[in-house]
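As a plain string of letters, each chain reads:
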Amino acid sequence: MTEERGGADRETLNVGFRVTAGRLNEALLRGLIGGLALLAFLTTLIATPWGIGLGPDSLAYVGIARTLLKGLGVTYFTDVGGFSAVNHYPPLYPAMVAGVALMGLDPLTAARWLSAFLFAGNVALVSLIAFTATSSLGAVLIAAFLTFTSFPMVQIHSMAWSEPLFIFFAFSGLFLLGVYLQRSQRWMLYAAGVSIALSCLTRYAGIAFLGAGVLGLFFLNPYHRKEGIADTAVFFTLGSLPLMLWALRNFLLAGSAANRGIGFHPPGAADLSNAVSSICLWIFPAGIIEFPAWERVALLATFLLLAYRFGRTINFARNRLIQLTSISLAGYAFFLLAARSLFDNAISFDTRILSPAYIAAMIVGVSIMTHWHKTKIFESPSSSRLVWYGLVIIVAVAQTTGGMAWWRQSYKDGIGFAGPDWRRSRLVNFVNRVETSAAVFTNVPDVIYMLTGRLTEMIPNKNDPKSLRANKRYAAEVAAMREQLRMTGGVVVYFHAQQRLWYLPSETALQKDAGLSLVATTNDGYIYRLE
């Protein structure tokens, strides 16, 4: 009797220990994810004292946010100085910026805070995906560290770009779908469809993740094929309907669903070399991209062969989340190649456009590493273990170099139009002080609208940007500009930015053609009035 009671007590004690250990692990997991997400949030704010980085696409995003706040709909102030209906860009990211700005913030400040929140959200999301796929706290640490320090993630979260929001919605959809396929909770299917729909309204590349979800539901569904077909139909409807409505709106307003024509312009050797350089930045320090092309290809091929050697013995047959992520990686690559070859010759395979592929590849890679470490490392010879740990350390250290250099650049000098040259521009401040009744002509009306919200007009084009020939209406447009300047007491503000728009006249040519008198010279341009 005493022995039986003692055995029961020991069993109860063991169960108690297991429960306590589980709770400690859960608390530790939450603490790790929360701490790393908070660190990402604070780093974004600290490293952007000049404001969120601003590139050419940021002109459109922030401009759309400004027009939304003014009640002008989804339009933006173009580089020719007028408003146009938006169909080239999906609407969700600028709408989110405008939504944050409703709290009393300027859209530029709103974009900075939104990016900080998204960086925190993406670090937490990738950590959660890694834990769900591997049940390993080590995997959580590695995935969160790579998300937080890698150059592709640092770059996109320091800019007013749509990729951070796209990654959040696309991978939230994959996560919910992967969990649904393993647990079959119906609300997850609906939430996954909505999340993928939001990714499509952020970037058109969400179509790749929509396709990955459809394939996953049809081929990976563990239940009856009839149920799989029904789930696929529900997911596809939820994921595609908002994008279809947006495309219909674009066609009715602008005559094009996405402002892209069909042609055939497959990527060339330079494009593929750019892709290799961008992928090398996922793994190696930034200096690697300066190596000759064959050396970059050899390094990348060696790393991929090693990854294949470690991963070929891993069985992911029941891990729906990793299978879905792998399908999405292949689907995204196919989407980029198809879009570049058939619809958009301007697509560049740089770190920005490949950032969603980086997240997918990193999740799969971390899962392979974790499963191999759990199941195979102690069966392997010491040399293989040495190579294993060496690779992990090298990749972790190499990941930090590019991201740290980018953050340093952002902190010191700003990125793009967010730099001190534009933030402290005497010409921008001058334009902001000009009476609103006075006409202001400039060669950067979109930049001024993004930075200040002030509406200005574009100076006449010397050449036609589409035909590349001389603008036959140039003289008439110059005469019309002179008349507006005369009637309103307006000014011409010419920035040192001719390289942005090659088809404009130079400052000396415009001064001569329009009969302008130089009023002031600054470090960033000139101010003219009529003679």
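All values derive from a computational prediction rather than experimental measurement. (Residues numbered from 1 in each chain as written. Predicted model: local features only at pLDDT ≥ 70, side-chain atom pairs only at ≥ 80, totals over all residues. Heavy atoms only, no water.)

Considering the overall build of the protein chain
- When its secondary structure is counted, the protein chain shows 20 helices and seven strands.
- Expressed as a percentage of the 531 residues in the protein chain, the buried residues total 50%.
- For the protein chain, the proportion of contacts with a sequence separation of at least 24, taken over those separated by at least 6, is 73%.
- With the model as given, the accessible surface of the protein chain reaches about 25,200 Å², and the carbon-plus-sulfur share is 64%. (Helix = DSSP H or I, 4+ residues; strand = E, 2+ residues; numbered from the N terminus. Buried < 20%, exposed > 50% of the residue type's maximum accessible area, 1.4 Å probe, protein only. Contact = heavy atoms within 4.5 Å. Areas by Shrake-Rupley, 256 points an atom, 1.4 Å probe, with all protein chains shown as cover.)

Examining a nonpolar patch on the surface
- There is a patch of nonpolar side chains on the surface, built from L38, L42, I46 and Y411 and spanning about 420 Å² of accessible area.
- Broken down by element, the nonpolar patch gets its largest block of residues, three residues, from helix α1 (residues 2–46).
- Within the element layout of this structure, L38 appears in helix α1.
- We classify L38 as partly exposed; its relative accessible area is 48%. (Patch = residues over 30% accessible without salt bridge, like charges linked within 9 Å, V, L, I, M, F, W, Y side chains within 5 Å. Salt bridge = Lys/Arg side-chain N within 4 Å of Asp/Glu carboxyl O.)

Quick word on the packing of helix α4 (residues 107–134) against helix α14 (residues 355–375)
- Put simply, α4 and α14 touch, their axes get as near as 10 Å, and they point 35° apart. Viewed along their axes, α4 and α14 form a crossing whose handedness is right-handed. Contact with α4, carried on its side by V126, I129, A133 and T134, involves I359, M362, I363, S367, T370, H371 and K374 of α14 and no other residues of that element. (Axes fitted to C-alpha atoms, helices over the stretch in contact; angles between N-to-C directions. Left-handed = near helix turned anticlockwise from the far one by under 90°.)

A look at the pattern of salt bridges
- As enumerated under the stated definition, the model contains ten salt bridges in all.
- Among the ionic pairs, D231 bridges to R186, the shortest N-O distance being 2.5 Å. With D231 in helix α10 (residues 225–254) and R186 in helix α8 (residues 186–200), the pair connects residues that are 45 residues apart, well separated along the chain.
- The class of D231 is buried, set by a relative accessible area of 3%.
- With a relative accessible area of 36%, R186 lands in the partly exposed category.

Some words on the nonpolar core
- Of all hydrophobic cores here, the largest spans 123 residues; its most connected members are L54, F171, F209, Y332, I359 and F495.
- Looking at this core element by element, the count peaks at 13 residues for helix α7 (residues 163–183).
- One finds Y474, Y503, L510 and Y528 within the second-largest nonpolar core, a separate group that totals 18 residues. (Core = buried A, V, L, I, M, F, W, Y, C linked by side-chain atoms within 4.5 Å.)

Observations regarding the packing of α7 against helix α9 (residues 206–220)
- Relative orientation of the contacting elements α7 and α9 amounts to 5°, with a least axis distance of 10 Å. Here α9 runs roughly parallel to α7, going by the angle between their axes. Where α7 approaches α9, its residues F166, A170, F171, L174, L177, Y180 and L181 are matched on the opposing element by G206, F209, G213, G216, L217 and L220.
- Looking at the contact of α7 with α9, its residues break down into ten nonpolar, three polar and no charged. (Parallel < 35°, antiparallel > 145°, perpendicular 65-115°, else oblique. Nonpolar A, V, L, I, M, F, W, Y, C, P; charged D, E, K, R; others polar.)

Considering the environment of L245
- With respect to the helices and strands, L245 occurs in helix α10.
- Given the relative accessible area of 53%, L245 is considered exposed.
- For the pair formed by L245 and A257, sequence separation is twelve residues and the distance between their alpha carbons is 9.9 Å.

Considerations on the confidence of the model for the protein chain
- Looking at the protein chain, pLDDT values average 86 and 89% of them are 70 or higher.
- Here α1 stands out as the element of the protein chain with the lowest mean pLDDT, 68, in contrast to helix α3 (residues 92–101), whose mean of 97 is the highest. (pLDDT = per-residue confidence, 0-100.)

Re the sheet that holds strand β7 (residues 525–530)
- With mixed pairing, the five strands of this open sheet are ordered in space as β4-β3-β5-β7-β6. Edge positions in the sheet fall to β4 (457–458) and β6 (516–522), since each has one partner strand and no second.
- Bridging between β6 and β7 involves six bridges; their strand directions are antiparallel. Across the sheet, the residue bridging to T522 is G525, located in β7. (Pairing = 2+ DSSP bridges.)

A look at the packing of aromatic side chains
- Tallied over the entire structure, the rule returns 18 aromatic pairs.
- Residues F171 and F209 carry aromatic rings whose centres are separated by 5.4 Å and whose planes lie at 70° to one another, so their mutual orientation is edge-to-face. One end of the pair, F171, is in helix α7; the other, F209, is in helix α9, and 38 residues separate them in sequence.
- An aromatic cluster of three or more residues is present, and its members are F166, F171, F209 and Y332.
- Looking at R352, its charged tip hangs above the ring of W161, at a distance of 4.2 Å from the centre. (Phe/Tyr/Trp six-rings, centres within 6.5 Å; stacked < 30°, edge-to-face > 60°. Lys NZ or Arg CZ within 6 Å of the ring centre and 35° of its normal.)

Overview of the environment of P505
- Following the sequence through the fold, P505 ends up in the loop between β5 (491–495) and α20 (507–514).
- Residue P505 is classed as buried on the basis of its relative accessible area of 3%.
- Here the alpha-carbon distance between P505 and N463, two residues 42 residues apart in the chain, equals 8.2 Å.
- With near-sequence residues (within four places) excluded, P505 lies in contact with I459, P460, N461, K462, Y474, Y494 and L510.

Observations concerning the pairing of β5
- Of all five residues in β5, five are buried; the element is thus mostly enclosed.
- Burial of the side chains of β5 extends over both faces: V491, V493 and F495 are buried on one face and V492 and Y494 on the other.
- Examined bridge by bridge, β5 and β7 share four bridges and lie antiparallel to one another. If you follow F495 over to β7, its bridge partner there is G525.

A word on the environment of S158
- Tracing the backbone through its elements, the reader meets S158 in the loop between α6 (151–157) and α7.
- Ignoring sequence-local partners within four residues, the contact set of S158 consists of I52, G53, S115, W406 and W407.
- In this structure the side chain of S158 is engaged in a polar contact, spanning 2.6 Å, whose partner is the side chain of W406. (Polar contact = N/O pair within 3.5 Å; in protein donor to acceptor, adjacent residues only side chain to side chain.)

Considering α3
- Within α3, seven of the ten residues are buried, leaving the element largely enclosed by the surrounding structure.
- If you follow the buried residues of α3, they end up packed against α2 (56–69), α4, α7 and α8.

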